[in-house]
Amino acid sequence: MSTAIKSLARHQHWLALLVVGVVLLLVPFVAALGGQAWVRIANFAILYVFLALGLNIVVGYAGLLDLGYVAFYAVGAYTYALLASPHFAIHLPFWVILPLGAGLACVFGVLLGAPTLKLRGDYLAIVTLGFGEIIRIFMNNLNAPVNITNGAQGITLIDPIRIGGFSLSQSSTFLGVTLSGPQKYYFLLVGLAILVIVINIRLQDSRIGRAWQAIREDEVAAKACGINTRNIKLLAFAMGASFGGIAGGVFSAMQGFVSPESFSLMESITILAMVVLGGMGHIPGVILGAVLLTGLPEALRYGIEPLQKMVFGRLLIDPESLRMLVFGLALVLVMRFRPAGLWPSPQRRRELSESTD
Amino acid sequence: MDTLIQQLINGVTLGAVYALVALGYTMVYGIIGLINFAHGEVVMIGTMVAFTVIVSLAGSGMPPLLVLALGLAVSTLVCMVLGWALERVAYRPLRHAPRLTPLITAIGMSIVLQNVAMIIWGRNYITFPPMINKQIYDLGGASFTNVQVSIVFLAALMMIGLIYLVHRTRIGMAMRATAQNPQVASLMGVDINRVIAMAFVIGSALGAIAGCMVGSYYEIAHYQMGFMLGLKAFTAAVLGGIGNLAGAMAGGLLLGIIEALGAGYIGDLTGDFLGSHYQDIFAFIVLIIVLMFRPSGLFGERTGDRA
Amino acid sequence: MDHVRIPGVLVVLAASLAVIGCGKKEEPKAVAPAPAPAAAAPAPKPEMVVKIGHVAPLTGPIAHLGKDNENGARLAVDDANAKKIEIDGKVIKFELLGEDDQADPKTGTVVAQKLVDAKVAGVVGHLNSGTTIPASAIYNQAGLPQISPSATNPKYTQQGFKTTFRVMANDIQQGSVVGTYAAKDMGAKKIAIIDDRTAYGQGLADEVEKAAKEAGANIVAREFTNDKATDFKAILTKIKAKNPDVIFLGGMDAVGGPMLKQMKELGIKAKFTTGDGGCSPELIKLAGPASEGVICTQAGLPVDKLPNGQKFVEDFTKKYGQIQIYSPYSYDAVMVLIDSMKRANSVDPAKYLAEVGKTSYDGVTGKIVFDEKGDIKNGAITVFEIKDGKLVTLKTEGGTAAAAPAPAAAPAAAPAPEAKK
């Protein structure tokens, strides 16, 4: 390979990064042309990218099937809500609460991980699922005898993220550019997402990352190679959980309201579906999965009615029923034709095509 | 005392309902190690089909038991076809895919079935016409009905029938062979495709029967009823050791009794700190404790990692 | 290897842009002919389209209630269009933009933003408190009046927003009526309370407990279930042991129906009471004969006792079938918006918002007047009993001066000038 091609490849690398940067910068403004709703959808998409990458550490890297990931998201969200709302009349700034939420979620991650170390596969799945439900049910019921979470009524009037006098929930103007509330959250979320992507990339090829992969492929062999499987597994739970905690905090601030219904089992399943649909363990794949699964139902919301009118000339079935139907079908079809996900890691694709088992 | 007996009756009936559904999960899991997450939806479809048949025949002057039997027969047939189609369309092509892939497919199928049911049977709750004349019996101050008795009876019967099928018949032998090693089984002349399809068909037929019983017990049906029921039944199956038929039964009964006694007594024991609002938690806590000491459930074999 | 990853991200972005692009293509359709601020054109009766948003869960466990709400709003829009209402010299054609929030708070905010983008003139919804509250912040920022026909969480109107209204009695108002009724009128000494752990059920049950205790009754059991449960025998058995006179359920009809049947099977003799969530024909359908003697309450006056109420029931059943619970309220909510526009002679939210607060409107659920927070003022609460498979009015509590004295009389809707301050 000549040096010219090499340097071209290097340039491409930077060029691609540049393009990505510009596109990321433009998204909120392009989306805003279609309405602020699309900026909000983009925000949720990035929030889910964040969550999916967190879960990817547990499921994708370490191969531990976790169906209760939403519990950590809930812990983060409630930590923020309780410490920045009139509920306890505490209003701490976000840079205190977000790390606190991440830390607390991390503790919960270890709490979940510790008793389940021996479990594998489907048994682990059902226990994590149970754990997720336990957290949700506690959130739903801890309004008596002492009112901690305000039960199903949820917590209202949560502070938005504020930096000095500058609040992320209102629109304001910088250098002649007016940014709406959702657009500002967009930039915060993109910043966080880039952080988690960098961490994910760095982890992937690190000692820890390789240890996780070893456990995923064969736990007994990994142990025989001198990997401390207990600590490494706990680390996966803890790291995944911390990301969930941060995402929860941002969600709380963005919504201004949290209630237990946001943290249902369906949410865990959706996040898992993002990871698997995109391509487990492969960062771009997971990002794609998260963006698609957040965007698709919303796109269908806009698209299905006109489409039916176009094809059949009238509304045959009301669009809401059809929207979720199409969503389910899409899950089935993608898995049918791309079993390893839409964008699996090259390594995994090779494994799949080689082995028959 | 009568309260305790009553709670035990409640628990056993609820447990039998879970067990009926759990048998379907375990049947499929025992053969190919796949959690058919859509099984709860198959149960729901079974209930809905039976409902349609029963309602349309209710005015025809046929004896109610015959109507119920017809409803059961039609819904079993529909669910068998559905189970076969599910396996054929959604799961068979994924037999060699990564382990999580069929799980997502199952979730997708479950969303599809729910929404199809919503389009066909509407969004409203449906009253399932009571076909069995409810008789209330008294037992030392506690009461139970003939429907409850028949559910428990039916669950036991189906478990015994399945155990017989799996352990004493040719197809059962083929199933066990497939479960142990599909490649070797196929070398021995077992048509593993047929065997796996059979497992799905039988599991779905069980689902239909469970659906009919659930429908006539609670007399209510809704297109989302399958999800929670499926989840609880799945928990029961894991508790008993997933893949083990007797385990599913035991897990179901245990889960039902825990829920009934938990809701009935924990509140008083903890000074109302943990009341019936934590009913769903008791089951999960017991599950976690059981799995901590027996990682493959109460009756599960100590199998290796099913990768 | 490394540079493979980067273009990957690009594709993702392209995909996300494509998705967004799709939305944009639909956009021209969704853009409302923005309500023109001034009507300078002297053209003879120009038409103008005004969009009203409606949000409720149309998929998920309570989709049947969501569709019911939407149908109520749709009927109101049709009725209003039939009248060819003129505002500011233009004939207004109202259009309902019905959205599905899946009862999910996150989807609720996206949908709310979508309605704001579509420049609706006002919003009726959402159904659940859990989606209504986060969405209200978005409507508030956009200055859009929001009238919820069914969210009963008191916090909804306590956030200090000028845009939040509800045409439904909140939990505090309704709970105190039910609790007092059970203790005083029914003479219950021992009351057992069950709630379904939703924001609605929990809030209502807490208020009932408070009111019943104040009225001298004893709460012998406080039990819980969830809104997806169908088996209540464990908690009912526990309650049976406490031998209460009255059982109250804070929950919906889908829980109440099977619960009543199971009460009968267990031989529980206590009277069953519930709030508006269970006060529906659906409960009678689901519980069958077991529903006989159930006492329940609805906010507002009995619909079929009001002159316009009767017409609503007829029209609604002809068009959409059985009324579930809240469709009369969503009907009224739309009518209140339109009435306010008429009084302000403008369809611009900024101009007519102030008028919404001054509403004094005779709706199908009774007289609608808001207090300073946007809650319905002194809203009437009607107590029903189920007799022979029908809801029969027992008594009406509260209500505005005009409506209260004659709940059963036909011309109950006589205007009360003093009610409007």
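Refer to the structure above for everything that follows.
Summarised in this report is the structure supplied together with it. None of the values given here were measured: they were computed from a predicted structure.

This part covers the overall build of chain A. Per the secondary structure count, chain A includes 13 helices and six strands. Its C-alpha atoms give chain A principal-axis dimensions of roughly 55 × 55 × 50 Å. Expressed as a percentage of the 357 residues in chain A, the buried residues total 60%. The contacts of chain A with a sequence gap of at least 6 include a subset with a gap of at least 24, amounting to 72%. Of the roughly 14,000 Å² of accessible surface on chain A, 68% is carried by carbon and sulfur atoms. One finds the centroid of the 24 positive side-chain charges in chain A at a distance of 7 Å from the centroid of its 17 negative side-chain charges.

Scanning the entire structure with this criterion turns up 34 salt bridges over all chains. With a closest N to O distance of 3.9 Å, D205 of chain A and R210 of chain A form a salt bridge. Here D280 of chain B and K232 of chain B are joined by a salt bridge, their closest N and O atoms 3.1 Å apart. On the criterion of sequence distance, the pair formed by D280 of chain B in helix α11 (residues 279-293) and K232 of chain B in helix α9 (residues 225-240) is long-range, its members being 48 residues apart. In this structure, D280 of chain B and K232 of chain B share a single accessibility class: buried. Residues participating in the shared-partner salt-bridge network are D195, R197, D206, E209, K213 and R222 of chain C.

Okay, unusual backbone geometry next. Glycine aside, the phi torsion of most residues is negative, and most peptide linkages are trans. All names here are of chain C. Cis rather than trans, the peptide bond between G125 and H126 has omega equal to -5°. With respect to the helices and strands, H126 occurs in the loop between β4 (122-125) and α4 (129-142). Of note, K84 is a non-glycine position whose phi angle comes to about 50°, a positive value. By secondary structure assignment, the location of K84 is in the loop between α2 (63-82) and β2 (86-87). On the basis of relative accessibility, which here comes to 56%, the residue K84 falls in the exposed class.

A few words now on the side chain of H54 of chain C. Residues and elements named next belong to chain C. As for its position among the elements, H54 is in strand β1 (residues 47-56). Judged by its relative accessible area of 0%, H54 is buried. Setting aside residues up to four positions removed in sequence, H54 forms contacts with G66, N69, E70, A73, L96, L97, G98, E99, L115, V124 and S330.

On to the interface of chain B and chain C. Between chain B and chain C, the contact holds 36 residues from the first and 34 residues from the second. In this assembly, chain B packs against chain C so that about 2,800 Å² is buried in total across both faces, 52% of it on carbon and sulfur atoms. Among the residues of chain B in contact with chain C, R123, Y125 and Y218 of chain B are the three that bury the most area, contributing 23% of the side total. The tally of links between chain B and chain C comes to one salt bridge. Linking chain B to chain C there are 13 residue pairs in polar contact (both at pLDDT 80 or more). Where the side of chain B that touches chain C is concerned, the elements lending two or more residues are α1 (2-32), β1 (126-127), β3 (142-145), α8 (192-218), α10 (245-269) and α11 of chain B. When residues of the side of chain B that touches chain C are assigned to their parent elements, the largest contribution, six residues, is made by α10 of chain B. Residues belonging to the side of chain B that touches chain C are distributed by class as follows: 12 nonpolar, 17 polar and seven charged.

Conventions we followed
- Residue indices begin from 1 for each chain and proceed along its sequence in written order.
- Each chain is given a letter, starting from A, and each ligand a number, starting from 1, according to the order in which they appear as written.
- Where totals are concerned, whole chains, interfaces and linings use all residues; where local detail is concerned, this predicted model gives features only for residues with pLDDT of at least 70, and gives and counts side-chain atom pairs only at 80 or more.
- Neither water nor hydrogens contribute to the side-chain values; these are computed over all heavy atoms in the structure.
- Helix and strand labels come from DSSP, where a helix needs a run of H or I of at least four residues and a strand needs a run of E of at least two; each type is numbered from the N terminus.
- Note on classification: 1.4 Å probe, protein chains only; a residue is buried when its accessible area is under 20% of the maximum for its type, exposed when over 50%, partly exposed between these limits.
- Contacts are assigned to residue pairs with any non-hydrogen atoms lying within 4.5 Å of each other.
- Here the open area of atoms and residues is found with the Shrake-Rupley method and a 1.4 Å probe, where only the protein chains shown may cover a residue.
- Positive charge is attributed to Lys and Arg, negative charge to Asp and Glu, and no charge count is given to His or to the chain ends.
- The atom standing in for a charge is NZ when the residue is Lys, CZ when it is Arg, CG when it is Asp and CD when it is Glu.
- In what follows, salt bridge is the name for a side-chain nitrogen of Lys or Arg lying within 4 Å of a carboxyl oxygen of Asp or Glu.
- When two parts are put together, the accessible area they lose, computed with a 1.4 Å probe and summed over both, is reported as buried area.
- Counting of polar contacts relies on pairs of N or O atoms within 3.5 Å, with two restrictions inside protein: one atom must be capable of donating a hydrogen and the other of accepting it, and residues adjacent in sequence are counted only when both atoms are side-chain atoms.
- Gly is put with the polar residues, along with every residue not named as nonpolar or charged; the nonpolar set is Ala, Val, Leu, Ile, Met, Phe, Trp, Tyr, Cys and Pro, and the charged set is Asp, Glu, Lys and Arg.

By themselves, these are just geometric observations and shouldn't be taken as functional.
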